[in-house]
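What follows is the residue order along each chain.
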Amino acid sequence: MHHVQQLINGQFVKSNTDEWIDITDPATQEVIAKVPQTTDDEINQAVAAAQTAFQTWRKTPITTRARIFLKYQALIRDHMDELAEILTAEQGKTIADARGDVFRGLEVVEHAAGIANLQIGDFVENVASGVDTYSIWQPLGVCAGITPFNFPAMIPLWMFPMAIATGNTFILKPSEQDPMVTMRLVELAIEAGVPEGVLNVVHGGKATVDAICDHPDIKAVSFVGSTAVGKHVYERASRSGKRAQCMMGAKNHAVILPDANKEQTLNQLAGAAFGAAGQRCMALSVVVLVGAAGEWIDDIKAKATGLIVSAGKNDKDLGPLISPAAKARVEHLIGTGVEEGASLILDGRGITVAGYEKGNFVGPTIFDNVTSDMQIYQQEIFGPVLCIMRAGSLDEAIEILNANPHGNGTAIFTQSGAAAHKFQQDILVGQIGINLPIPVPLPMFSFSGSRASKLGDLGPYGKQAVQFYTQTKTVTARWFDDEASRGVNTTISI
Ligand code: NAD
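So, here's what we can say about the structure. (Residues numbered from 1 in each chain as written. Predicted model: local features only at pLDDT ≥ 70, side-chain atom pairs only at ≥ 80, totals over all residues. Heavy atoms only, no water.)

## Considering the overall build of the protein
Move 1: Along the protein, the regular secondary structure elements total 16 helices and 22 strands.
Move 2: For the protein, the C-alpha radius of gyration of 25 Å lies close to 23 Å, the compact-globule estimate for 494 residues.
Move 3: Here the protein holds 494 residues, and 55% of them are scored as buried.
Move 4: Of the contacts made within the protein by residues no fewer than 6 positions apart, 72% connect residues no fewer than 24 positions apart.
Move 5: About 20,100 Å² of surface is accessible on the protein, with carbon and sulfur atoms providing 51% of the total. (Helix = DSSP H or I, 4+ residues; strand = E, 2+ residues; numbered from the N terminus. Rg over C-alpha atoms; globule rule 2.2 N^0.38 Å. Buried < 20%, exposed > 50% of the residue type's maximum accessible area, 1.4 Å probe, protein only. Contact = heavy atoms within 4.5 Å. Areas by Shrake-Rupley, 256 points an atom, 1.4 Å probe, with all protein chains shown as cover.)

Next comes the structure, spelled out in structure tokens:
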């Protein structure tokens, strides 16, 4: 049996713990590896290594740091097929989608390779006579990242490349449900030249997360995961004086106007609602049909019915949910929808996939006539379940969306520029797609989920991550150009 290793001070080591968590193939339940609950002692060793490494890493030339990521991006490209295969085996998503998971992380690595263009401070000459002020963005120290199961490649790559490129050292805590592709990415980072102690990996669940939040030598925590855990991390890390950012749960609505291009809209909606079995924080899990678009129900159902559910490695349309517990939770929520009076027009419960009878499969599921008081609307289902609502006008649709507390993503489908512009202006959601279902920005921007989907001001990659992982220092300098002295200045003026 493969035992997932930890990375402490440049060494891949097996934990001394006697607590091991099974990693299972979600399509078969076969245990494919075990991951440790890292001990407190090992966490302390990892932080101490990172603390020591920081003393030299923070002074390593920014160009040297950047070059490591140039090499890293090439290594990730070379290993794309292997990475996607590992990811699919432990996470369940299709191979094509696993490649997308790696690729969206790779984009951040490429961005980190240009760090010298991003970590540029400001300079103002002559703020007073002969006085200049400049700002420098210095790394914070040891930073940490805690990641969810649904993007085990992309989300770790949102975090450690930007943190390390800006001069910090890092403790990564991957999801205990699928840490193997993350570890392969970490091995490649070491191969690319990340020095010992600069990147460390510890494993486990709540105990490790709490230890990270409490550790006095960790300066910042980046978290991506569910809302309940994110709130806990934000409060606990903030209480011990850390900078924290938490990207959390969502309930993303699509709004479809009757003038939208029907075929393209329905294809995009089906992909974003049911792709990755709905286990994306940017999945479109609610659609608001405006006016005559309300007649497209049968077409939506036809698109969903046409999708093929299978083991991820067979590379069909959607794979299994991550665990039997996730499947039971999704099926329970579907049951509440029926009890609370929504119309179940497509039921994905109880499906079997030939050859994978033990897999955690739920097929595409659609509820019509959903109202905002129902549990299927109020909770993030995180499964292939689409809730349909209706609105008489765009204004009414905007009201529905803005009444929902979440702010991760939304999409409008229309041919009207005026309607799209109104939507973009009035909607209280941080990431908006216009005829584009999953508007996750590339890293020249930052991930910008908002309201209940986020705690902390700054996003996890892009320009905002440079700010998150650095401390601004301003220097005000006077260079005397003559011998003239105006005597003692007892005022605040320079
Ligand atoms: P999760 O919150 O269960 O786990 C996230 C991390 O927290 C894991 O590393 C896990 O080990 C740890 N953890 C779990 N329970 C904990 C506890 N009680 N105390 C402390 N730590 C704990 O999330 P998940 O199920 O792995 O991921 C799915 C969730 O992540 C969804 O809600 C999804 O919307 C969200 N997500 C959000 C974004 C975003 O950018 N907003 C992106 C991806 C996923």
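What follows picks up the thread again.
## A few points about unusual backbone geometry
Move 1: Here alanine 277, not a glycine, exhibits a phi torsion of approximately 55°, which is positive.
Move 2: Its location among the elements puts alanine 277 in the loop between helix 10 (262-274) and strand 13 (284-290).
Move 3: In this structure, asparagine 435 takes a positive phi of about 55° despite not being glycine.
Move 4: Mapped onto the elements of the fold, asparagine 435 is located in the loop between strand 19 (432-434) and strand 20 (450-451).
Move 5: Since its relative accessible area comes to 29%, asparagine 435 is described here as partly exposed.

## Observations regarding the nonpolar core
Move 1: One finds Val255, Ile256 and Val370 to be the most contacted residues of the largest nonpolar core, which totals 66 residues.
Move 2: Residue contacts for valine 255: discarding those within four places in its chain leaves Val288, Val290, Leu394, Ala397, Leu401, Ala411, Ile412, Phe413 and Phe423.
Move 3: Membership of the second largest hydrophobic core comes to 65 residues, among which are Val4, Met80, Ala189 and Val198. (Core = buried A, V, L, I, M, F, W, Y, C linked by side-chain atoms within 4.5 Å.)

## Examining the pairing of strand 8 (residues 169-173)
Move 1: With five of five residues buried, strand 8 lies mostly within the body of the structure.
Move 2: Residues of strand 8 alternate between two faces, with Thr169, Ile171 and Lys173 on one and Phe170 and Leu172 on the opposite face, all of them buried.
Move 3: Following the backbone out of strand 7 (residues 142-146), through helix 6 (residues 154-165) and into the adjacent parallel strand 8, one traces a crossover that is right-handed.
Move 4: Inspection of the sheet shows strand 8 paired to strand 9 (residues 199-201) by three bridges, in the parallel sense. Residue pairing across strands places phenylalanine 170 opposite leucine 199, the latter belonging to strand 9.
Move 5: As for the winding sense of the linkage, the β-α-β connection from strand 8 through helix 7 (residues 180-192) to strand 9 is right-handed. (Right-handed = clockwise from strand over helix to strand, strands pointing away. Pairing = 2+ DSSP bridges.)

## Some thoughts on the site of the ligand
Move 1: In the region of the ligand, 27 residues are neighbours, and Thr147, Lys173, Glu176, Ser226 and Glu380 sit closest.
Move 2: Taking phenylalanine 149, its main chain carries an N or O atom lying 3.0 Å from an oxygen atom of the ligand.
Move 3: Interatomic distance of 2.5 Å between a side-chain N/O atom of serine 226 and an oxygen atom of the ligand.
Move 4: The cavity where the ligand resides is the largest pocket.
Move 5: If you list the elements that add at least two residues to the shell around the ligand, you get helix 6, helix 8 (206-214) and strand 10 (218-224). (Near = heavy atom within 4 Å. Polar contact = N/O pair within 3.5 Å; in protein donor to acceptor, adjacent residues only side chain to side chain. 1 Å grid on protein atoms, 1.4 Å probe; cavity = no way out; pocket = protein on both sides within 12 Å on 5 of 7 lines; lining within 4 Å. Sits in = over half its atoms within 2 Å of the grid points.)

## A word on the environment of asparagine 168
Move 1: Among the secondary structure elements, asparagine 168 is positioned in the loop between helix 6 and strand 8.
Move 2: Asparagine 168 sits in the buried class, given a relative accessible area of 0%.
Move 3: Setting aside chain neighbours within four positions, we find asparagine 168 in contact with Phe54, Trp57, Pro139, Leu140, Gly141, Cys143, Ala163, Val198 and Tyr469.
Move 4: Polar contacts involving the side chain of asparagine 168 include one to the main-chain amide nitrogen of leucine 140, which spans 2.6 Å.
Move 5: Among the polar contacts made by the side chain of asparagine 168, one reaches the main-chain carbonyl oxygen of tyrosine 469 at a distance of 2.9 Å.

## Regarding the sheet that holds strand 13
Move 1: Pairing is mixed across the open sheet formed by seven strands, whose spatial order is 14-15-16-13-12-18-19. Two strands lie at the open edges of the sheet, namely strand 14 (343-346) and strand 19, each paired on one side alone. If you compare each strand with its neighbour and ignore which way they point, the axes differ by 25° on average.
Move 2: Sheet analysis places strand 15 (residues 365-368) next to strand 16 (residues 385-391), joined by three bridges and oriented parallel. Among the inter-strand pairings, phenylalanine 367 is bridged to a residue of strand 16, identified as cysteine 387.
Move 3: Packing against the sheet, helix 15 (residues 417-426) makes contact with strand 12 (252-256), strand 18 (410-413) and strand 19, and its axis sits at approximately 165° to strand 18. (Axes fitted to C-alpha atoms, helices over the stretch in contact; angles between N-to-C directions.)

## Thoughts on the pairing of strand 13
Move 1: Within strand 13, seven of the seven residues are buried, which leaves it mostly tucked inside the rest of the structure.
Move 2: Here strand 12 runs beside strand 13; their pairing, made up of five bridges, is parallel. Looking at strand 13, one finds that asparagine 252 is bridged to leucine 284.
Move 3: Between strand 12 and its parallel partner strand 13, the chain crosses via helix 10, and the hand of that crossover is right-handed.
Move 4: Across five bridges, the pairing between strand 13 and strand 16 is parallel. If you follow valine 286 over to strand 16, its bridge partner there is cysteine 387.

## Notes on a nonpolar patch on the surface
Move 1: On the surface, Val124, Val127 and Ile494 cluster together to form a nonpolar patch covering roughly 270 Å² of accessible area.
Move 2: Its place among the elements puts isoleucine 494 in the segment after strand 22 (470-478).
Move 3: Under the relative-accessibility criterion, isoleucine 494 is labelled exposed at 59%. (Patch = residues over 30% accessible without salt bridge, like charges linked within 9 Å, V, L, I, M, F, W, Y side chains within 5 Å. Salt bridge = Lys/Arg side-chain N within 4 Å of Asp/Glu carboxyl O.)

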